Amino acid sequence: MVKNVGALQRRLVKWNIKPGMTPIAWHISREVAQMQQDPRLEGIDLEGAIRRGIEGWNRAFSFPVFEVVPTGENDSPGDDDKNFLVVDPNPSAGYAFANWRENPNTGEIRGASVYFSSIFIDGAIASAPEGEPTPTGFNLYMPAPAKKTPQLGWSSMPENAACMLRRNVSASATPSGMTRKQFIEDAITHTVLHEIGHTLGLRHNFMGSLEGSSVMDYLNDDDAVYLAVPGPYDIEAVRYLYGLNAERPSQAFCTDRHRKLIADCNTFDSAAAPLNDFAAPRFSGQ
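For clarity, every value in this text was computed on a predicted model and none was experimentally measured.

Caption draft 1: Here's a closer look at the overall build of the chain. Helix and strand counts for the chain stand at 9 helices and 6 strands. If you take every contact in the chain between residues at least 6 apart in sequence, the share linking residues at least 24 apart comes to 71%. Accessible area of the chain: about 15,500 Å², with a carbon and sulfur share of 50%.

Shown next, in the form of structure tokens:
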């Protein structure tokens, strides 16, 4: 709040990232070790896939920014001095999102957390089945919409989540040349990269599918698995944001507020010309 003015001032929010820094520590919730015992995950490195989603951003900076550290018995997501990726064994929530705590005077992020529903693990398994492929054309693990309840609010300060990435199962078979293990792990890694990207200050880029340029898009698993590392847009964006490059990203960009204005700004689309190559065939002959 701006004193005596009655207005809001919004600062650029980002970590204090710079060369030579001590890497920022992240914890992974202990439930992952329990979930690893699921027979469906035999041969799948669940914790490794999540770790790569967190530490994968180091390659965008060319120096260590994040590191995953062991989670002790007394470590809790409620600890204000710890950064946590919380994996929920209950898939009913059906989404993932990021949150952070910043210094209101400077915008510096002092800590962050990511909620990761196990529905993304279930969905990755369903998208790369052993035996019969999963049928396409429906959201297998999309939960029923929650019942809306009356809430008090103020239109001048709406409370909107920065990201609420939901599961969207579409792959009918593991892509050629990719093992089932790699597919499942890369699908999980992609989702974690997306949410950690929000804590770095990146918004959605729903044109990332045009060039396969961004993990900040919403992608189906059969496209997401090819982006298990930050894409060209992501690298240029964070390097510009943190003062490592002087030039803005050169790749196409649009975000949430553009979706109703730009035809190619869409979620879960595919191909270099999604309006013609992805959307149009779905409506032809209808």
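From this point, the discussion proceeds with the structure in view.
Caption draft 2: Structural context of the side chain of D234. Along the chain, the position of D234 falls in helix α8 (residues 232–241). Of the side chains with opposite charge, R59 lies nearest to the buried D234, which makes no salt bridge, at 9.8 Å. Side-chain polar atoms of D234 contact the side chain of S214, separated by 2.7 Å.

Caption draft 3: Structural view of the pattern of salt bridges. Evaluation of the coordinates by the stated rule reveals 11 salt bridges. Note that D75 and K82 form a salt bridge whose closest N and O atoms lie 3.6 Å from each other. Judged by relative accessible area, which is 16%, D75 ranks as buried. Under the relative-accessibility criterion, K82 is labelled buried at 17%. Through salt bridges with shared partners, one network takes in D75, D79, D81 and K82.

Caption draft 4: Representation of the environment of A112 within the structure. Inspection of the secondary structure puts A112 in strand β5 (residues 109–117). Given a relative accessible area of 1%, A112 falls into the buried group. The contacts of A112, once residues within four sequence positions are left out, are W15, W26, K82, N83, F84, N99, W100, R101 and T199.

Caption draft 5: Local environment of the nonpolar core. Judged by nonpolar contacts, the single largest core of 56 residues is most densely connected at W15, I17, I50, I54, W57 and F66. Element by element, the count of residues in this core is highest for helix α5 (residues 180–199), at 7 residues. When sequence neighbours within four positions are dropped, the list of residues in contact with W57 reads F66, L193, I196, G197, L200, L202, V215, P230, D234 and V238. Counting residues in hydrophobic clusters, the runner-up holds 7 residues, among them F206, M207, Y218 and F268.

Caption draft 6: Main features of the packing of aromatic side chains. Applying the stated rule across the entire model yields 11 aromatic pairs. Here Y95 and F97 contribute two aromatic rings whose centre-to-centre distance is 5.9 Å and whose plane-to-plane angle is 45°, an arrangement assigned as tilted. Residue classification places F97 among the partly exposed residues on the basis of a relative accessible area of 27%. One aromatic cluster in this structure is built from W15, W26 and F66. Taking NZ or CZ as reference, K14 lies 5.5 Å from the ring centre of Y242, over its face.

Caption draft 7: Up close: the packing of helix α2 (residues 46–55) against α5. Close contact between α2 and α5 brings their axes to 7 Å; oriented N to C, the two are set at 35°. The handedness of the crossing between α2 and α5 is right-handed. Residues L46, A49, I50, R52, G53 and I54 of α2 form the contact with α5, whose participating residues are E185, I188, T189, V192, L193 and I196. Each residue belonging to the contact of α2 with α5 can be placed in one class, and the counts come to 8 nonpolar, 2 polar and 2 charged.

Caption draft 8: Focus on the state of the cysteines. Taken as a whole, this structure holds 1 disulfide when the rule is applied. Two residues share a disulfide in this structure: C254 and C265, whose sulfurs sit 2.1 Å from each other. Handedness of the C254-C265 disulfide follows from its S-S torsion of about 100°: it is right-handed. Note that C254 is positioned in the loop between α8 and α9 (274–283) and C265 in the loop between α8 and α9, a separation of 11 residues in sequence. Note on C254: relative accessible area 0%, which makes it buried. The exposure class of C265 is buried, given its relative accessible area of 1%.

Caption draft 9: Main features of the environment of V114. Counting through the fold element by element, V114 comes out in strand β5. Along the sequence, V114 and I196 sit 82 residues apart, while their C-alpha atoms lie 7.3 Å from each other. Beyond its immediate chain neighbours, meaning those up to four positions away, V114 contacts W26, F84, L85, V86, F97, A98, E195, I196 and T199.

Parameters at a glance
- Residues numbered from 1 in each chain as written.
- Predicted model: local features only at pLDDT ≥ 70, side-chain atom pairs only at ≥ 80, totals over all residues.
- Heavy atoms only, no water.
- Helix = DSSP H or I, 4+ residues; strand = E, 2+ residues; numbered from the N terminus.
- Contact = heavy atoms within 4.5 Å.
- Areas by Shrake-Rupley, 256 points an atom, 1.4 Å probe, with all protein chains shown as cover.
- Buried < 20%, exposed > 50% of the residue type's maximum accessible area, 1.4 Å probe, protein only.
- Lys, Arg positive; Asp, Glu negative; His and termini not counted.
- Salt bridge = Lys/Arg side-chain N within 4 Å of Asp/Glu carboxyl O.
- Polar contact = N/O pair within 3.5 Å; in protein donor to acceptor, adjacent residues only side chain to side chain.
- Core = buried A, V, L, I, M, F, W, Y, C linked by side-chain atoms within 4.5 Å.
- Phe/Tyr/Trp six-rings, centres within 6.5 Å; stacked < 30°, edge-to-face > 60°.
- Lys NZ or Arg CZ within 6 Å of the ring centre and 35° of its normal.
- Axes fitted to C-alpha atoms, helices over the stretch in contact; angles between N-to-C directions.
- Left-handed = near helix turned anticlockwise from the far one by under 90°.
- Nonpolar A, V, L, I, M, F, W, Y, C, P; charged D, E, K, R; others polar.
- Disulfide = S-S within 2.5 Å.

Purely geometric numbers; function is a separate question.
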